[in-house]
Amino acid sequence: MLGQLLLAASGSRLVRRSVSGFPLTRKVVQRFVAGESTQEARDAVERLRDANLAVSVDHLGEETRDARAAEATTNAYLALLTALRPLQLGSRGEVSVKLSAVGQRLDDAMALEHAREICAAAAVNGSSVTLDMEDHTTVDSTLTILRKLREDFPATGVAIQAYLFRSEEDCRDLASEGSRVRLVKGAYREPASVAHQGRGAVDKAFVRCLRILMAGKGYPMVATHDDRMIAITELLADRFGRTIGDHEFQMLYGIRTDRQEALAGAGHTVRVYVPYGDDWYGYFMRRLAERPANVAFFLRALGGK
Ligand SMILES: Cc1cc2nc3c(=O)[nH]c(=O)nc-3n(C[C@H](O)[C@H](O)[C@H](O)COP(=O)(O)OP(=O)(O)OC[C@H]3O[C@@H](n4cnc5c(N)ncnc54)[C@H](O)[C@@H]3O)c2cc1C
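Below or above, wherever it landed, is the structure these notes cover. (Residues numbered from 1 in each chain as written. Predicted model: local features only at pLDDT ≥ 70, side-chain atom pairs only at ≥ 80, totals over all residues. Heavy atoms only, no water.)

A few words now on the overall build of the protein chain. For the protein chain, the count of helices and strands is 13 helices and 8 strands. For the protein chain, with 305 residues in total, the buried portion stands at 53%. Sequence-distant contacts, at least 24 apart, represent 75% of the contacts inside the protein chain between residues at least 6 apart. Approximately 13500 Å² of the protein chain is accessible, and the part contributed by carbon and sulfur atoms is 53%. (Helix = DSSP H or I, 4+ residues; strand = E, 2+ residues; numbered from the N terminus. Buried < 20%, exposed > 50% of the residue type's maximum accessible area, 1.4 Å probe, protein only. Contact = heavy atoms within 4.5 Å. Areas by Shrake-Rupley, 256 points an atom, 1.4 Å probe, with all protein chains shown as cover.)

Take a look at the structure:
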């Protein structure tokens, strides 16, 4: 119930204005966001690299309805990739892009062009881009843009949300040689006409999608903090003869860091999704919605405790 309210609030411009106006303490932001500047993002990436963790860095922002803002976001990614270049992370230093932040709401061609520029800059680093998946109305457009990007940049990845009814079919289409697919449960408020509702149904759908990806020929990126899903991934890897280097785990910055390090210590590739920038509102509200305990943490920090 609280989660649904927070997800509704994540899309409200009015609530965004009020919450963003709070003198939000650094402590709250720092829990989930690596900082506001490119330099802070780079520092966080260096710390994670030293802990044997790979990264996917996200410049915060979404739902851009202004061409200049879409261009500014693209330029922020180009500056970030330039700043990361000396770290020589190769494929361990990718970026995640929300197409709505680079113009998808205005014009698919604009989003494709901006995403292409980012892919080209990532390729110079020996790395690639993963397209985040946003609300269900964007899935067809995102998958079309993915196919076009992969013509020149075959390592481009995409997130698939297990909660959508369509996702098993999408996983089947995407489980081809070299195809990088990040499987997530899904973080948006979706209607019962398009998505499974409730934790049990979403978990079962996640396992069905996971099975398709692990049995396929692609490179599954299993993005979850859920121990049961991690254990099932390991069972499926055994069943389908996968080895430790042909799939990876992903988790969010600041969430279950002990688990991230333990999996990396056991030899797995673990990639941390590192958000940075000042447009933190939508991302932050989705993290609160996922776990009521985070709301208590937020309120305590606002109270200065
Ligand atoms: C790398 C990565 C990329 C993602 N990209 C996308 C995307 O492109 N599109 C999209 O819709 N969603 C994305 N998500 C979010 C995803 O859809 C889920 O909302 C989120 O991962 C929570 O689901 P879970 O699998 O961790 O399981 P849950 O069942 O939500 O959680 C399992 C356990 O993990 C821990 N946990 C989970 N969330 C939190 C939290 N916020 N704070 C503290 N502990 C927590 C708790 O112990 C919880 O019991 C991404 C997630 C990750 C990890």
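There's more to say after this.
Our focus in this paragraph is the state of the cysteines. Simply put, the disulfide is a covalent bond whose two ends are the sulfur atoms of two cysteines. Across all of its chains, the model carries 0 disulfides by this definition. Cys209 takes part in no disulfide bond, and the closest cysteine sulfur, belonging to Cys171, lies 3.9 Å away. (Disulfide = S-S within 2.5 Å.)

Time to look at the pairing of strand 7 (residues 248–252). Of all 5 residues in strand 7, 5 are buried; the element is thus mostly enclosed. The alternating pattern of strand 7 places Glu248, Gln250 and Leu252 and Phe249 and Met251 on opposite faces, both of which are buried. Judged from the 3 bridges that link them, strand 6 (residues 219–223) and strand 7 form a sheet pairing that is parallel. Bridging from a neighbouring strand, Ala223 pairs with Gln250 of strand 7. For the segment spanning strand 6, helix 10 (residues 227–239) and strand 7, crossover handedness is right-handed. Of the crossover connections in this fold, the one passing from strand 7 over helix 11 (residues 257–265) to the parallel strand 8 (residues 270–276) is right-handed. (Pairing = 2+ DSSP bridges. Right-handed = clockwise from strand over helix to strand, strands pointing away.)

With that out of the way, let us pick up the pattern of salt bridges. As enumerated under the stated definition, the model contains 26 salt bridges in all. A salt bridge links Arg256 to Asp227; its shortest N-O distance comes to 3.1 Å. Linking Arg256 in the loop between strand 7 and helix 11 with Asp227 in helix 10, this pair joins segments that are 29 residues apart in sequence. The partner of Glu290 in a salt bridge is Arg287, and the shortest N-O contact between them spans 2.7 Å. Of the two residues, Glu290 and Arg287 are both situated in helix 12 (residues 281–290); the distance of 3 residues between them amounts to about one turn of the helix. A relative accessible area of 36% means that Glu290 is categorised as partly exposed. (Salt bridge = Lys/Arg side-chain N within 4 Å of Asp/Glu carboxyl O.)

Moving on to the side chain of Arg271. Examined against the element boundaries, Arg271 turns out to sit in strand 8. Not counting residues up to four positions away in its chain, the partners in contact with Arg271 are Ala54, Val55, Ser56, Ser91, Arg92, Gly93, Glu94, Arg180, Glu248, Phe249, Gln250 and Met251.

Time to look at the site of the ligand. As a matter of local geometry, the ligand sits amid 24 residues, with Lys185, Gly186, Thr224, His225 and Glu290 nearest to it. Between the ligand and Arg182 there is a distance of 3.2 Å, counted from a nitrogen atom to a side-chain nitrogen or oxygen. Within the side chain of Thr224, an N or O atom sits 2.6 Å from an oxygen atom of the ligand. For the ligand, whose unbound accessible area comes to 930 Å², protein coverage reaches 89%. Taken atom by atom, the bulk of the ligand overlaps the largest pocket. (Near = heavy atom within 4 Å. Polar contact = N/O pair within 3.5 Å; in protein donor to acceptor, adjacent residues only side chain to side chain. 1 Å grid on protein atoms, 1.4 Å probe; cavity = no way out; pocket = protein on both sides within 12 Å on 5 of 7 lines; lining within 4 Å. Sits in = over half its atoms within 2 Å of the grid points.)

Attention now goes to the sheet that holds strand 8. Two pairing modes exist for strands in a sheet, parallel and antiparallel, and in both the strands are linked by backbone hydrogen bonds. Here 8 strands make up a closed barrel; going around it, the order is 1-2-3-4-5-6-7-8 and the pairing parallel. Neighbour-to-neighbour, the strand axes of the sheet open up by a mean angle of 30 degrees, direction not taken into account. Looking at chain direction, strand 2 (residues 93–97) and strand 3 (residues 129–131) are connected through 3 bridges and run parallel. When the sheet's bridge partners are listed, Val97 is paired in strand 3 with Leu131. Lying on the sheet, helix 5 (residues 67–84) is in contact with strand 1 (54–59), strand 2 and strand 8; it crosses strand 1 at an angle near 150 degrees. (Axes fitted to C-alpha atoms, helices over the stretch in contact; angles between N-to-C directions.)

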